[in-house]
Protein chains: 2
Amino acid sequence: MKRLFLAVTAVAGLAMSLPAAAQFQKPEDAIKYRQSAFQVMSAHFGRIGAMANGRVPFDAKVAQDNMAIVTVVHKLPFTAFGEGTDKGLPQRAKPEVWKEAAKFKAAGEKMQAEVAKLDAAVKAGNLDAIKAAFGAAGGSCKACHDDFRAEKYSSN
Amino acid sequence: MKRLFLAVTAVAGLAMSLPAAAQFQKPEDAIKYRQSAFQVMSAHFGRIGAMANGRVPFDAKVAQDNMAIVTVVHKLPFTAFGEGTDKGLPQRAKPEVWKEAAKFKAAGEKMQAEVAKLDAAVKAGNLDAIKAAFGAAGGSCKACHDDFRAEKYSSN
């Protein structure tokens, strides 16, 4: 069943500083967009993590280049959780994203605050600070996933 | 059949200035990443296009905010067309991406050059210049799609 797609985000406060928030023609577009933005974010966050966890040698310049991408993309997904985007494509967003919108918004803001701290540590080039900040930022991802991301994709 | 995945891009020249190019564990990761980066790029490019084409009122600040995202993400997909990433997930990349690597690289560079011109026009806030530069940038997308993007997704 098609629903009316309201071009209003459930997390308007979070998205307020973002350009043309929720400019999606169809729910499918919003779902694809947020999944894509999370994907890109995760790839670059992971490259910083590989250094933080000692899997690859620390290179301050590489960390900064990856962090610059994380900084740009990490807010983008939250512009695309508008009402009516709970259906349209297979996805892992739980109904709680919309049912507990205030809690979801807070979880997103927590992540953004931790990413800002990680950015400061990366800019300072201090590996110990990066390790600590990466752990906290990763924890904020996990906390949100635990509450708002399902194990499996929905069927539509 | 699984192939050895070489962590070397077919378009190394294009990706040279990018952070940790081709740091993908599996071909699937690279495919998902490049599809995601194109998706995010396209959404924000489209928002500038909506203004260039008069579908929404021109707002210089909104154009600049969207352009800042395009500028960061438009080079990312080209870090993820490494050898061996022609299989692994359904995708629209034609075999020509790897068979005609030099031509593909040139097409990517053409797009990057046009995006740089669009960025200049957007920064200047000149709608006529934006219209012209958007048309040329869109044309560079289309030219590459015509040669290197299939109509339908592959089956794997």
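Each chain carries its own residue numbering, running from 1 in the written order of its sequence. The order in which chains are written sets their letters, starting at A; the order in which ligands are written sets their numbers, starting at 1. Whole-chain, interface and lining totals are the exception, using all residues; otherwise, since this is a predicted model, local features are given only for residues with pLDDT of at least 70 and side-chain atom pairs are given and counted only at 80 or more. No hydrogens and no water enter the side-chain calculation; it runs on all heavy atoms of the structure.

A. Examining the environment of B:Ala52 more closely. All names here are of chain B. Under the DSSP-based scheme used, a helix requires at least four consecutive residues in state H or I and a strand at least two consecutive residues in state E, with every element numbered from the N terminus. Mapped onto the secondary structure, Ala-52 falls in helix α2 (residues 27–52). Remark: exposure states derive from per-residue accessible area (1.4 Å probe, protein chains only) relative to the maximum for the residue type, with buried under 20%, exposed over 50%, and partly exposed in between. Given a relative accessible area of 7%, Ala-52 falls into the buried group. In this description, contact between two residues means that some pair of their heavy atoms is separated by no more than 4.5 Å. Those residues in contact with Ala-52 that lie beyond four places of it in its chain are Leu-127, Ile-130, Lys-131 and Phe-134.

B. Molecular detail of the relation of the copies chain A and chain B. Overlay of chain A on chain B (RMSD 0.0 Å): rotation 180 degrees, translation along the axis 0.0 Å. What the rotation and shift describe, once combined, is the action of a two-fold rotation axis. When C-alpha distances to the rotation axis are compared across chain A, the minimum falls at A:Ser36, with a value of 2.1 Å. Comparing interface residues between copies, 100% of those in chain A also lie at the interface in chain B; the contact surface is shared. C-alpha atoms of residues with pLDDT of at least 70 in both copies form the basis for the least-squares superposition of the copies.

C. Quick peek at the interface of chain A and chain B. Contact with chain A, which involves 20 residues of that partner, is made by 20 residues of chain B. Accessible area that two parts lose when put together, with a 1.4 Å probe and added across both, is what the buried area reports. Between chain A and chain B, a total of about 1,800 Å² is buried, with carbon and sulfur atoms accounting for 70% of that surface. Salt bridges are counted wherever a side-chain nitrogen of Lys or Arg sits within 4 Å of a carboxyl oxygen of Asp or Glu. At the surface where chain A touches chain B, the tally comes to zero salt bridges. For the purposes of these results, a polar contact is taken to be a pair of N or O atoms within 3.5 Å, where, inside protein, one atom must be able to donate a hydrogen and its partner to accept one; residues adjacent in sequence count only when each atom of the pair is a side-chain atom. One can count two residue pairs in polar contact (both at pLDDT 80 or more) joining chain A with chain B. Those elements giving two or more residues to the side of chain A that touches chain B turn out to be α2 (27–52) and α3 (60–73) of chain A. Of all the elements, α2(A) adds the most residues to the side of chain A that touches chain B, at nine residues. The residue inventory of the side of chain A that touches chain B, partitioned by class, reads twelve nonpolar, five polar and three charged. Residue polarity follows a fixed list, in which Ala, Val, Leu, Ile, Met, Phe, Trp, Tyr, Cys and Pro are nonpolar, Asp, Glu, Lys and Arg are charged, and the others, Gly among them, are polar.

D. Local environment of helix α6 (residues 127–148) of chain B. Residues and elements named next belong to chain B. Expected span, for any helix, means 1.5 Å times one less than how many residues it has. With 22 residues, α6 should reach 32 Å at 1.5 Å per residue; the first-to-last C-alpha distance of 31 Å fits that figure. Buried within α6 we find Ile-130, Ala-133, Phe-134, Ala-137, Ser-140, Cys-141, Cys-144 and Phe-148. The arc that holds the buried residues of α6, viewed along the axis, is 125 degrees, so those residues lie on one side. Residues of α6 that are exposed and point more than 90 degrees away from the buried face comprise Asp-128 and Ala-132. Those residues of α6 that are buried lie in contact with α2, α4 (96–99) and α5 (101–124). Comment: arc refers to directions from the helix axis out to C-beta atoms.

E. Broad picture of the packing of α2(B) against helix α3 (residues 60–73) of chain B. Residues and elements named next belong to chain B. Where helices are involved, their axes are fitted lines through C-alpha atoms of the stretch in contact, as for all axes, and angles between N-to-C directions lie from 0 to 180°. Running from N to C, α2 and α3 cross one another at 150 degrees; their axes reach a closest spacing of 9 Å. Considered as vectors, α2 and α3 are oriented roughly antiparallel to each other. Crossing geometry of α2 relative to α3 is assigned as left-handed. Taken together, the residues of α3 that come into contact with α2 (itself represented by Ala-37, Val-40, Met-41, His-44, Phe-45, Arg-47, Ile-48 and Met-51) are Val-62, Ala-63, Asn-66, Met-67, Ile-69, Val-70 and Val-73. Tallied by class, residues from the contact of α2 with α3 come to twelve nonpolar, two polar and one charged. Roughly parallel means an angle under 35 degrees; roughly antiparallel means over 145; roughly perpendicular covers 65 to 115; every other angle is labelled oblique. Each helix crossing is assigned a hand: it is left-handed if the near helix lies turned anticlockwise from the far helix by less than a right angle, otherwise right-handed if that turn is clockwise.

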